[in-house]
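Chain and residue survey
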Amino acid sequence: MSGHGAPQPLTAHRGGPLTGTAQVPGDKSISHRALILGAMAVGETKIAGLLEGRDVLDTGRAMTALGADVVSHGAGRWSVHGVGVGGFAEPETVIDCGNSGTGVRLLMGAVATHDFATTFTGDASLNGRPMGRVTDPLALFGARAVGRSGGRLPLTLVGAASPVPARYATPVPSAQVKSAVLLAGLNAPGETVVIEREATRDHSERMLAGFGATVTTEASREGRMITLQGRPELVPQEITVPRDPSSAAFPVCAALIVEGSDVLVPNIGLNPTRAGLFETLREMGADLTYESPRVEGGEPVADLRARFSPDMKGIEVPPGRAASMIDEYPILSVVAAFAEGVTGMPGVAELRVKESDRIDAMATGLRASGVTVEDGPDWWRVTGRGPAGVPGGTTVAARLDHRVAMSFLCLGLAARDRVTVDDAGPIATSFPAFEPLMRDLGARFTRPE
Ligand code: S3P
């Protein structure tokens with residue numbers, strides 16, 4: 001089993017305002033896809049701004065194991081010499097995806113239509129997560145999976161020797177499932193179709209088209225229908241990865257709740273399938289502005305400016321917005337704790353099967369910090385403390401979940417008493433520079449004895 005070594009506890013304290021500029025890392029979703037599609041193109045793809053977090057590096061190693069040539073040129077610049085669609089070779093060892101659900105699910109799709117077997121494993125968090133949601137549709141192509149009970153990792157996927165294309169309506173809103181099916185469809189003859197009831201992040205569709213695949217999206221009675229023509233020749237690309245809105249969420253939200261703060265977070269991608277948190281914060285009354293809005297590489301981009309916002313009010317987050325902010329509910333629940341009134345978050349059953357059960361992880365730590373939280377199978381509700389402030393003064397469990405760890409550290413920067421996270425190690429999966437970046441803004445962190 002992979003892991004990241006001894007637990008690294010970290011304590012956040014209330015201090016002065018957060019000020020300055022926060023250069024957050026490259027987008028995790030786009031980084032995974034850049035490596036995988038680069039490996040499936042013929043020739044050399046050049047990537048700038050790749051997120052060098054553990055999750056993405058694990059995907060890079062997997063591409064090497066499958067026969068691609070993945071090389072770091074320093075400071076986020078990488079090249080991938082791809083083997084072409086259908087050109088992966090059987091890996092010699094088990095593929096370890098560490099903590100990354102996106103990594104393993106996309107990789108399973110990519111190998112499902114190759115005539116060899118691949119065994120996948122991960123850390124304790126990943127090995128507890130559901131994989132049937134991916135192996136079920138991959139069976140339609142002819143792939144067979146043998147895993148532990150409940151279809152969990154470690155799992156061996158025997159790829160289809162003679163793949164057939166698939167048509168699949170995703171039962172849960174999941175960009176990972178959609179992307180796995182599309183990646184499998186690359187090496188199947190004919191048309192692969194995925195239908196999703198709610199739009200999830202569309203990076204795979206955009207990038208597949210960028211690499212030269214024929215992929216169309218249309219509205220149908222069943223939902224958003226994506227059609228991919230199989231067996232394209234993918235053409236190598238030069239990709240500049242935009243900065244991650246899901247990482248930007250942490251300095252932005254910390255600035256909103258720490259008195260006197262004023263933080264600029266430049267160059268953040270505001271693709272509508274990712275920007276739900278910022279919309280929600282603005283509806284709550286956050287002083288959050290989009291400066292110099294522009295279009296870069298076909299994606300809307302802006303510099304986010306967040307200032308301390310003592311007058312935020314709780315709102316009911318529309319369930320239809322969940323997919324566009326699915327990774328941001330943990331940090332939203334922290335902001336909600338400082339707002340006045342109730343923030344309701346319905347339609348979020350998916351939060352229970354992320355790197356941790358995020359509703360339970362956040363509710364437990366927020367309650368220990370003096371905040372009232374109610375929850376059910378697919379909803380939760382935070383009663384904000386408004387001007388009374390959040391007591392804090394507790395140690396919370398990160399549960400191998402980077403976003404839970406970062407959320408509670410942000411809470412500790414604004415709570416009356418310190419907040420300790422039992423293990424900040426998982427933060428390196430998505431945002432390795434979180435601690436120094438936040439310290440540069442003025443955050444006070446200490447390492448407990
Ligand atoms: C991701 C999709 C989301 C998200 C994850 C990244 C992706 O998961 O939570 O962090 O890159 O496709 P689901 O597709 O399971 O909702």
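Heads up: the structure comes first, above all this text.
Here goes a summary of the coordinates provided.

Rules used throughout
Residues numbered from 1 in each chain as written. Predicted model: local features only at pLDDT ≥ 70, side-chain atom pairs only at ≥ 80, totals over all residues. Heavy atoms only, no water. Phe/Tyr/Trp six-rings, centres within 6.5 Å; stacked < 30°, edge-to-face > 60°. Buried < 20%, exposed > 50% of the residue type's maximum accessible area, 1.4 Å probe, protein only. Axes fitted to C-alpha atoms, helices over the stretch in contact; angles between N-to-C directions. Helix = DSSP H or I, 4+ residues; strand = E, 2+ residues; numbered from the N terminus. Parallel < 35°, antiparallel > 145°, perpendicular 65-115°, else oblique. Contact = heavy atoms within 4.5 Å. Nonpolar A, V, L, I, M, F, W, Y, C, P; charged D, E, K, R; others polar. Pairing = 2+ DSSP bridges.

**With respect to the packing of aromatic side chains**
The description of an aromatic ring pair rests on the distance of the ring centres and on the angle between the ring planes. Summed over all chains, the structure comprises three aromatic pairs. Ring centres 5.5 Å apart and planes at 75 degrees place the aromatic pair F431 and F434 in the edge-to-face group. Given the relative accessible area of 0%, F431 is considered buried. Take F434: its relative accessible area is 1%, and that puts it in the buried class. Ring centres of F434 and F445 lie 6.2 Å apart, and the angle between their planes is 35 degrees; on these two criteria the pair is classed as tilted.

**Some details on the packing of helix α5 (residues 175-186) against helix α6 (residues 203-210)**
Contact geometry of α5 with α6 gives a least axis separation of 9 Å together with a crossing angle of 25 degrees. Relative to α6, α5 is oriented roughly parallel. Within the contact between the two elements, α5 uses K178, S179, L182 and L186 and α6 uses S204, E205 and L208. A per-class count over the contact of α5 with α6 returns three nonpolar, two polar and two charged.

**A few points about the sheet that holds strand β4 (residues 69-72)**
Ordered in space as β4-β5-β3-β14, the four strands form an open sheet in which the pairing is mixed. Two strands lie at the open edges of the sheet, namely β4 and β14 (238-240), each paired on one side alone. For this sheet the average axis-to-axis angle between neighbouring strands, irrespective of direction, equals 15 degrees. Here strand β3 (residues 42-48) runs beside strand β5 (residues 78-83); their pairing, made up of six bridges, is antiparallel.

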